Amino acid sequence: DVLQNSEYISWININRRGNVAYVSVIDKETHTQEEEKKGYSNVVASVDGVIDEITVISGVAKVKAGDSVKKGDILISRVLPAESGGGSCFAEGRVSARVSDSVEVKISDTREEKVAGEKKLNEITLKFFNFNIKIFKYYGKSDKMYDIIYSKEDFSFKDGKKLPFSLIKTYSVPYDIVENRLSESEMVELASAEMSEMLGQRLSDATLLRIKTDGGFENSFYIMRSEIVVSEEIGTNLPFEVN
């Protein structure tokens, strides 16, 4: 079903060891034709920064390495010089710059947790080829919040040949939400883990040059803040029409 319904996966393999499923997936290679760029465009800065490197594909560079730029400044102009024939083009290129940023994490001293109760069988359905036959259903209502769990049991001969029917069981698992108070060490540990995840996302397309991280308790929170300097692509196209 995954292979039939996904346009991004070409191969999938699942091995179960005990209660753990190990899933391997290979992306489908797709070759899409680049959209033809029409009209005119400048390359402008998406954020403030200090230019590290600029590579022009089309257009004219308006900045050089070491220049400080503000968000919205033109980095590569679509206006061509008279000596090259003049006119306008769709400016393109790559511009990397040193950018200052910050990432902040705020952890409360209390945390809600879900405590699951005993699961209860709600429904049994027999699937025979493409037909579903309901053979059991519990119509009672739960006064608690609950999750639904589905399990499918297939049947086969001793030689491994699969039979054309299976049992689908539906369970409800009631749960309560309880509020737990965290210790200071637990708050710091959670903040560190969350900061690591957020930095991983922030730096996915950037190179970290410098980082300084501080943390402290404020009222009922622990606040961790990282000041970073990264090198990243800041050029973005700003297309427009000329009458």
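Residues numbered from 1 in each chain as written. Predicted model: local features only at pLDDT ≥ 70, side-chain atom pairs only at ≥ 80, totals over all residues. Heavy atoms only, no water.

**Describing the overall build of the protein**
On a plain count of helices and strands, the protein comes out with two helices and 16 strands. In terms of C-alpha radius of gyration, the protein reaches 29 Å, well past the compact-globule figure of 18 Å for 243 residues. For the protein, the spread of C-alpha atoms along the three principal axes comes to 85 × 55 × 35 Å. For the protein, the proportion of its 243 residues judged to be buried stands at 23%. Summed over its atoms, the accessible surface of the protein is roughly 17,900 Å², and 48% of this surface lies on carbon and sulfur atoms. Looking at charge distribution, the protein has the averaged site of its 32 positive side-chain charges lying 7 Å from that of its 40 negative ones. (Helix = DSSP H or I, 4+ residues; strand = E, 2+ residues; numbered from the N terminus. Rg over C-alpha atoms; globule rule 2.2 N^0.38 Å. Buried < 20%, exposed > 50% of the residue type's maximum accessible area, 1.4 Å probe, protein only. Areas by Shrake-Rupley, 256 points an atom, 1.4 Å probe, with all protein chains shown as cover. Lys, Arg positive; Asp, Glu negative; His and termini not counted. Charge placed at Lys NZ, Arg CZ, Asp CG, Glu CD.)

**A few points about the pattern of salt bridges**
By the definition in use, this model includes 13 salt bridges. In this structure, K64 engages D67 in a salt bridge whose closest nitrogen and oxygen atoms are separated by 3.3 Å. Between K144 and D176 there is a salt bridge; the shortest N-O distance is 3.3 Å. Of this pair, K144 sits in the loop between β11 (131-137) and β12 (145-156) while D176 is found in strand β13 (residues 162-181), placing the two residues 32 residues apart along the sequence. Taking the relative accessible area as the measure of exposure, D176 reaches 35% and is therefore partly exposed. Shared partners join several salt bridges into a network, and the residues in it are D101, R202 and E232. (Salt bridge = Lys/Arg side-chain N within 4 Å of Asp/Glu carboxyl O.)

**Structural notes on the sheet that holds strand β16 (residues 235-240)**
Here we have four strands laid out as an open sheet, ordered β5-β7-β3-β16, and antiparallel in their pairing. In this open sheet, the two edge strands, each paired with only one partner strand, are β5 (60-61) and β16. In the sheet, β5 pairs with strand β7 (residues 74-77) via two bridges, with the strands oriented antiparallel. Note that in β7 the partner of A61 across the bridge is I76. (Pairing = 2+ DSSP bridges.)

**Quick notes on the sheet that holds strand β4 (residues 49-58)**
A sheet is described by the order of its strands in space; here five strands give the open sequence β6-β4-β8-β15-β14, paired in antiparallel fashion. Every other strand in the sheet has two partners, leaving β6 (68-69) and β14 (206-218) as the edge strands with one partner each. Here β4 pairs with strand β8 (residues 92-108) via seven bridges, running antiparallel. Each residue of the ladder has a partner; that of V50, found in β8, is R98. Its contacts with the sheet place helix α2 (residues 184-202) against β8, β14 and β15 (221-233), and it is angled at close to 165° to β8. (Contact = heavy atoms within 4.5 Å. Axes fitted to C-alpha atoms, helices over the stretch in contact; angles between N-to-C directions.)

**Overview of the pairing of β8**
For β8 and β15, the ladder comprises 13 bridges, and the chain directions are antiparallel. Considered in β15, the bridge of A97 is made with E232.

**Some points on unusual backbone geometry**
If you check the backbone angles, F129 has positive phi at about 55° while not being a glycine. Note on placement: F129 falls in the loop between β10 (120-128) and β11. Phi angles above zero are rare outside glycine, and N219 is one such case at about 55°. Within the element layout of this structure, N219 appears in the loop between β14 and β15. A relative accessible area of 78% means that N219 is categorised as exposed.

**Points about the side chain of S226**
Topologically, S226 is positioned in strand β15. A polar contact of 2.7 Å, which involves the side chain of S226, links it to the side chain of T213. If near-sequence neighbours (up to four positions away) are discounted, S226 is found in contact with D101, S102, V103, M195, L199, I211, K212 and T213. (Polar contact = N/O pair within 3.5 Å; in protein donor to acceptor, adjacent residues only side chain to side chain.)

**Observations concerning the side chain of N42**
As for its position among the elements, N42 is in strand β3 (residues 40-45). We classify N42 as buried; its relative accessible area is 10%. Here the side chain of N42 touches R78 through a polar contact of 2.7 Å, landing on its backbone nitrogen. Those residues within four positions of N42 in sequence are excluded, and the remaining contacts are I74, I76, S77, R78, A91, T236, N237, L238 and F240.

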